[in-house]
There are 4 protein chains.
Amino acid sequence: MSTPRTILLTGFQPFGGERENPSWQAVRALHGARIGGHRVVARELPVVFGDALKALRAALRETRPALAICVGQAGGRAQISLERVAINVDDARIPDNAGRQPVDVPVVAGGPAAYFATLPIKAMRQALCEAGFPAEVSQTAGTFVCNHVFYGLMHALRAQRHARAGFVHIPYSPAQAAAHPGAPSLPVETVTAALRLALRVALRTPTDMRAAAGAEH
Amino acid sequence: MSTPRTILLTGFQPFGGERENPSWQAVRALHGARIGGHRVVARELPVVFGDALKALRAALRETRPALAICVGQAGGRAQISLERVAINVDDARIPDNAGRQPVDVPVVAGGPAAYFATLPIKAMRQALCEAGFPAEVSQTAGTFVCNHVFYGLMHALRAQRHARAGFVHIPYSPAQAAAHPGAPSLPVETVTAALRLALRVALRTPTDMRAAAGAEH
Amino acid sequence: MSTPRTILLTGFQPFGGERENPSWQAVRALHGARIGGHRVVARELPVVFGDALKALRAALRETRPALAICVGQAGGRAQISLERVAINVDDARIPDNAGRQPVDVPVVAGGPAAYFATLPIKAMRQALCEAGFPAEVSQTAGTFVCNHVFYGLMHALRAQRHARAGFVHIPYSPAQAAAHPGAPSLPVETVTAALRLALRVALRTPTDMRAAAGAEH
Amino acid sequence: MSTPRTILLTGFQPFGGERENPSWQAVRALHGARIGGHRVVARELPVVFGDALKALRAALRETRPALAICVGQAGGRAQISLERVAINVDDARIPDNAGRQPVDVPVVAGGPAAYFATLPIKAMRQALCEAGFPAEVSQTAGTFVCNHVFYGLMHALRAQRHARAGFVHIPYSPAQAAAHPGAPSLPVETVTAALRLALRVALRTPTDMRAAAGAEH
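In the annotation of an unreviewed UniProt entry, chain A is listed under the name Pyrrolidone-carboxylate peptidase and assigned to Pseudoxanthomonas putridarboris. What UniProt states about chain A under its Function (unreviewed entry) heading is, verbatim, "Removes 5-oxoproline from various penultimate amino acid residues except L-proline."

Set out below in structure tokens:
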């Protein structure tokens, strides 16, 4: 009897003055779940440049996942965003939780300019939308700790062809949006259900479908 | 033993190419509920100028509500909007469900230019936000069937001091937003829970609180 | 030889931490101009509840205009907004320039709930757009000093059938937008040219055209 | 007497149903200008995958520029966007002007995942904002012909250390925005003046300044 393979999901600690981070709340709810014959391990990362990547790398070594998805809060976005690309730069408009604010520093010195996610983001987007979850492909994960972790994740797994990985940005929770006039939101339960479906699609889709989800600019 | 007084809630039929209207879905779930000692009656209105008001007036005559709130879908808005004011004009950018498209016609010929909602919208907004529901006060309900019904509601009740009334706009459902790239949404269950709380606050707040919720423009 | 009739244009002083107000800059450039056989008088109003209306009423008494348009800055809006309706409420989210912050107080105690502009806003919008100026009809002028002045203007002229009046909101200037990441803007010269055309159209259009320019919400 | 070195500026033909493209209008006005001791050559590129790059490469061979900036229209954006990064993917949501609609195809097969602009975008942004031009650093140039050209530009110049290059996105013109309700715009003359300043700053700034201009997501 073989041990089931692992899905690593990460969320973040609160940052930017928030008291909660829906990325961790949504991901935590899947810890221990069995999805597509795999076992989910959920981990919370600090919103700190460097430290976040250390924690992520430790989790990767420990769990050796077949699938790894990092999830982060994107306050102001309305839909679940499947990120296409991580870029090799930290440029922090606000300080991280340790007060660090790197500007135009590479995530990995000497690393390539960018990595593309190795998830079937088009198939995931289509399955989510068909199931009634508002989802989009995003062409930028920003330049803060989310992109930092996304880049570091892809860099760490660059030599492991069998492991697939990527990043998902999610909206504020309704409770957060209640303090941000006009901001969109989605309940954590909705996000958790969407992530469960997205994981299932990722596992069963070896090659992504061709479906336009680009942007003119 | 006295009969409980009535809360009239209305939602709308789908329009504008949608297959559902979350306003009716959210309101329907409260039909028959007991809230603050009152009984909820929910009714679905057609998205047709004139006909919508006829149906509303019939429901008002039948239920003689102590509290009447009409609810409508505001595709593109992110938060639950408590409308402040209804204006005496129909100006339809798109045709209604009967193909009518009135332009710059009064809702009620000879009626006043506007009516303010008689709900405690500031207290409702604060209670919703404190409970984690994203809510805002809105300064315009548009000029389509929603404003038409809101104006007609306030006009019909203008002589009934004891009856309080107003209008609430809600975002797309997630399933609708899945077909509108980038659009915000809230699940119908979240909206229903928010409406339940809003009704309770309206019933227990005879005089609204003073709290700024205006707009510079 | 008869004296030409007057067009009264007003702009505002800077507020909300800005060092300039493009409404006054745009309007000032038309002071003394002859448009459609009329002479333009431009006046700057303080961004102070009450005082703004006193200054406006003095200007109305002095100039007895055939046409009066108040112009205000709408930071965040992208297009020239022809306002449809003024509502009888002050609700200040931020203090005015004298530190006053009225909440849910009528502009004119006992006044009607609203006044509609008496400008041909549909014809103005169409002429502006055809000439390459981005313009829209707006269903709300907010609840701050702009709406206050707009309401007071229409109230002051309510008995003067021959005088037409309304309110126009304009975007930030580019220099202001340079300090507001992501904010839209239009150069003051563009706004001045648009206002010149809008005045000409207002003077030559006794009855507005029927053209849909409403909002679903 | 030495020949002045060249600045290559490109704009695009109209696309997406527009009758004009402000990128070409703004750039054309600088053709032949002398800026910082350099001579500007302006070229118009077709909005066609592949063909646009052929035309760009021919212009690069012919002019051997010290500085090359491609400019494109970003309908819906409010500010002048200095692009940070080009990614190696074409993903067309709409067909190009030749009817081609590549999906998830690399711009250059076997090329790196991304190139960073080699312009001092932080210094350019700061100078523009200080001079009253609304400008921002953008983390994505999309996945359409603009990004395609940007990537191809950086790839073509990858071995030429002395040549600096990048991409600038600009808003609609006011005339375009007049046909897109609510869309932001900037006059072509404003954009031309901003580009002139941006070029001067690029030429005089060998090493970019450190100034945060990132995004959380």
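Each helix and strand in chain A was counted, giving 6 helices and 11 strands. On C-alpha atoms alone, chain A measures out to a radius of gyration of 16 Å, which is about the 17 Å that the 2.2 N^0.38 rule sets for 217 residues. Taken over the C-alpha atoms alone, chain A extends approximately 50 × 40 × 35 Å along its principal axes. Counting across all 217 residues of chain A, residues that qualify as buried make up 64%. Restricting the contact set of chain A to residue pairs at least 6 apart, pairs at least 24 apart contribute 78%. Carbon and sulfur atoms provide 50% of the accessible area of chain A, an area that totals close to 8000 Å².

To continue, consider the relation of the copies chain A and chain D. Relative to chain D, chain A is turned by 180 degrees and slid 0.0 Å along the rotation axis, the superposed coordinates differing by an RMSD of 0.0 Å. What the superposition gives is, in effect, a two-fold axis relating one chain to the other. Taken together, the interface assignments show that 100% of the residues at the interface of chain A recur at the interface of chain D, consistent with an identical surface on both copies.

The next subject is unusual backbone geometry. Residues and elements named next belong to chain C. If you check the backbone angles, Arg 64 has positive phi at about 40 degrees while not being a glycine. Of note, Asp 104 is a non-glycine position whose phi angle comes to about 55 degrees, a positive value. Mapping Asp 104 onto the fold places it in strand β8 (residues 103-105). By relative accessible area, Asp 104 is classed as partly exposed at 24%.

Here the focus is the UniProt feature "active site" (unreviewed entry) in chain A. The UniProt entry lists Glu 83, Cys 146 and His 169 of chain A under the feature "active site" (unreviewed entry), expressed in the numbering used here. A maximum C-alpha distance of 10.5 Å places the annotated residues, which cover 87 residues in sequence, within one compact spot. With respect to the secondary-structure elements, Glu 83 of chain A resides in strand β5 (residues 80-83). By the element assignment, His 169 of chain A lies in strand β11 (residues 164-170). When neighbours within four sequence positions are excluded, His 169 of chain A is seen to be in contact with Gly 72, Gln 73, Ala 74, Arg 77, Gln 79, Ile 80, Ser 81, Glu 83, Ala 141 and Cys 146 of chain A together with Glu 216 and His 217 of chain D.

Residues and elements named next belong to chain B. Looking at where Pro 102 falls in the secondary structure, it is placed in the loop between β7 (90-91) and β8 (103-105). Look at Pro 102 and you get buried, because its relative accessible area is 18%. Residues Pro 102 and Thr 143, spaced 41 residues apart in sequence, show a C-alpha to C-alpha distance of 9.9 Å. Once residues within four sequence positions are removed from consideration, Pro 102 is found in contact with Phe 49, Asp 90, Asp 91 and Ala 92.

With that settled, the discussion passes to the sheet that holds strand β3 (residues 38-45) of chain D. All names here are of chain D. The 7 strands are arranged β2-β3-β1-β4-β11-β5-β10 in an open sheet whose pairing can be described as mixed. Two strands bound the open sheet, and with one partner strand each, they are β2 (34-35) and β10 (135-138). Here β2 runs beside β3; their pairing, made up of 2 bridges, is antiparallel. Directly across from Ile 35, in β3, lies its bridge partner His 38. In the packing of helix α4 (residues 145-156) onto the sheet, contacts are made with β1 (6-12), β3, β4 (67-73), β5 (80-83) and β11 (164-170), and the angle to β11 comes to roughly 170 degrees.

Chain A puts 38 residues into the contact, and the matching count from chain D is 38 residues. Buried area between chain A and chain D, summed over both chains or domains, comes out near 2900 Å², and the portion from carbon and sulfur atoms is 58%. Counting the surface chain A buries against chain D, the share from its top three residues, Phe 116, Glu 216 and His 217 of chain A, is 25%. For Asp 91 of chain D, the salt bridge is made with Lys 122 of chain A, and the minimal N-O distance between the two is 2.7 Å. Counting across the chain A and chain D interface gives 24 residue pairs in polar contact (both at pLDDT 80 or more). Among the elements of the structure, β6 (85-87), β8 (103-105) and β9 (114-116) of chain A are those that each provide at least two residues to the side of chain A that touches chain D. Residue composition of the side of chain A that touches chain D, by class: 20 nonpolar, 10 polar and 8 charged.

With that out of the way, let us pick up the interface of chain C and chain B. Counting residues at the interface gives 36 residues for chain C and 38 residues for chain B. Note on chain C versus chain B: buried area summed over both sides is about 2900 Å², and carbon and sulfur give 58% of it. It is Phe 116, Glu 216 and His 217 of chain C in chain C that bury the most area against chain B; as a group they hold 25% of the surface buried on that side. Linking chain C with chain B are 10 salt bridges. A salt bridge links Arg 84 of chain B to Asp 104 of chain C; its shortest N-O distance comes to 3.2 Å.

Attention shifts here to the arrangement of the chains. When C-alpha atoms are compared, chain A and chain C, though not in contact, are closest at a spacing of 12 Å. These two, chain B and chain D, are apart from each other, with no contact and a minimum C-alpha gap of 12 Å.

What follows covers helix α3 (residues 121-130) of chain A. Of all the 10 residues making up α3 of chain A, 7 are buried; the element is thus mostly covered by neighbouring parts of the structure. Elements in contact with the buried residues of α3 of chain A: β4 (67-73), β5, β10 (135-138) and α6 (188-204) of chain A together with β7 (90-91) and β8 (103-105) of chain D. Immediately downstream of α3 of chain A, the backbone of Gly 132 of chain A shows phi near 90 degrees, a positive value.

Another aspect to go through is the sheet that holds strand β1 (residues 6-12) of chain B. Residues and elements named next belong to chain B. The strand order across the open sheet formed by 7 strands is β2-β3-β1-β4-β11-β5-β10, and the pairing between neighbours is mixed. Two strands in the sheet have a free side with no partner beyond their single neighbour: β2 (34-35) and β10 (135-138). As defined by bridge partners, strand β5 (residues 80-83) adjoins strand β11 (residues 164-170) across 2 bridges and the pair is classed as antiparallel. Directly across from Leu 82, in β11, lies its bridge partner Val 168. Sheet strands touched by helix α4 (residues 145-156): β1, β3 (38-45), β4 (67-73), β5 and β11. Its angle to β11, the strand with the most contacts, is close to 170 degrees. Set on the sheet, helix α6 (residues 188-204) makes contact with β1, β2, β3, β4, β5 and β11; between it and β4 the angle comes to about 150 degrees.

The next subject is the layout of surface pockets. Residue and element names in this part refer to chain D. Here the second largest pocket defines a volume of roughly 740 Å³. If you go around the second largest pocket, you meet 26 residues; those closest to its centre are Phe 116, Ala 117, Thr 118, Leu 119 and Asp 208. Among the secondary structure elements, those contributing two or more residues to the lining of the second largest pocket are β9 (114-116) and α3 (121-130). Take the lining of the second largest pocket: its biggest share by element is 3 residues, from β9. Residues belonging to the lining of the second largest pocket are distributed by class as follows: 14 nonpolar, 4 polar and 8 charged.

Both the distance between ring centres and the angle between the ring planes are used here to describe each pair of aromatic rings. Residue and element names in this part refer to chain C. Considering all chains together, one arrives at 16 aromatic pairs over all chains under this definition. For the ring pair Phe 49 and Phe 144, a centre distance of 5.5 Å and an interplane angle of 90 degrees mean the geometry is edge-to-face. Placement of the pair is Phe 49 in the loop between β3 (38-45) and α2 (51-63) and Phe 144 in the loop between β10 (135-138) and α4 (145-156), with a sequence separation of 95 residues. Residue Phe 49 shares its accessibility class with Phe 144, and that shared class is buried.

Here chain C sits on chain B after a turn of 180 degrees about the axis and a move of 0.0 Å along it, with an RMSD of 0.0 Å. Mapped onto chain B, 100% of the interface residues of chain C are again interface residues, and the two copies thus contact each other with one and the same surface.

All right, on to the pattern of salt bridges then. Under the definition given, this model contains 36 salt bridges over all chains. One salt bridge connects Glu 83 of chain D with Arg 77 of chain D, and the closest N-O pair in it is separated by 2.8 Å. Here the two residues Glu 83 of chain D and Arg 77 of chain D agree in accessibility, since each one is buried. Beyond isolated ion pairs, a larger network of salt bridges with shared partners links Arg 84 and Lys 122 of chain A together with Asp 91 and Asp 104 of chain D.

Each pair of packed helices can be described by the angle between their axes along with the distance between the axes. Residues and elements named next belong to chain B. Where helix α3 (residues 121-130) meets α6, the closest approach of the two axes is 9 Å, and the angle between their N-to-C directions is 135 degrees. What the angle tells us is that α3 and α6 run oblique. At the point where α3 passes α6, the crossing takes the right-handed sense. Contact residues: α3 offers Ala 123, Met 124, Ala 127 and Leu 128, while α6 offers Ala 194, Leu 197, Ala 198, Val 201 and Ala 202. Residue composition of the contact of α3 with α6, grouped by class: 9 nonpolar, no polar and no charged.

Analysis parameters
The residue numbers shown here count from 1 along each chain, following its written sequence. Chains carry letters from A onward and ligands carry numbers from 1 onward, assigned in written order. For this predicted model, a pLDDT threshold of at least 70 governs which residues receive local features, and a threshold of 80 or more governs which side-chain atom pairs are given and counted, while totals over whole chains, interfaces and linings are taken from all residues. The side-chain numbers reported here are obtained from all heavy atoms of the structure, hydrogens and water having been left aside. UniProt positions are given in the numbering used here, feature names are shortened, and annotations may be inferred rather than shown by experiment. Counting from the N terminus, the helices are DSSP H or I runs at least four residues long and the strands are E runs at least two residues long. Computation of the radius of gyration draws on C-alpha atoms alone. For the globule rule, the value is 2.2 Å times the number of residues to the power 0.38. For every residue, the accessible area obtained with a 1.4 Å probe (protein chains only) is divided by the maximum for its type, and the residue is called buried under 20%, exposed over 50%, and partly exposed between those limits. Residue contacts are defined here by distance: any two heavy atoms, one from each residue, within 4.5 Å place the two residues in contact. Computed with the Shrake-Rupley method and a 1.4 Å probe, the accessible areas treat only the protein chains shown as cover for residues. We place the copies in one frame by least squares, fitting the C-alpha atoms of every residue whose pLDDT is at least 70 in both. One bridge is not enough; two strands pair if DSSP finds at least two bridges between them. In this analysis, axes come from line fits to C-alpha atoms, helices being fitted only over the stretch in contact, and the angle between any two N-to-C directions falls in the range 0 to 180 degrees. Take the accessible area each of two parts loses on contact, using a 1.4 Å probe, and add the two losses: that sum is the buried area. Take a side-chain nitrogen of Lys or Arg and a carboxyl oxygen of Asp or Glu: if they are within 4 Å of each other, that pair is a salt bridge. The term polar contact refers here to a pair of N or O atoms within 3.5 Å; inside protein, the definition further demands a hydrogen-donor-capable atom paired with an acceptor-capable atom, and it admits residues adjacent in sequence only when both atoms are side-chain atoms. Note on residue categories: nonpolar means Ala, Val, Leu, Ile, Met, Phe, Trp, Tyr, Cys or Pro, charged means Asp, Glu, Lys or Arg, and polar means any other residue, Gly included. A 1.4 Å probe that fits but cannot get out identifies a cavity on a 1 Å grid over protein atoms alone, an open set with protein on both sides within 12 Å along at least five of seven lines counts as a pocket, and a residue lines either if it has an atom within 4 Å of a point. Grid points are joined across faces, edges and corners, and a volume is the space filled by probe spheres set on the points. Put simply, two rings from Phe, Tyr or Trp (the six-membered ring, in Trp's case) pair if the centres are within 6.5 Å, and we call them stacked under 30 degrees between planes, edge-to-face over 60, tilted for the rest. Comment on the angle field: the value is read as roughly parallel under 35 degrees, roughly antiparallel over 145, roughly perpendicular from 65 to 115, and oblique elsewhere. Put simply, a crossing is left-handed when the front helix is turned counterclockwise from the back one by less than a right angle, and right-handed when it is turned clockwise.

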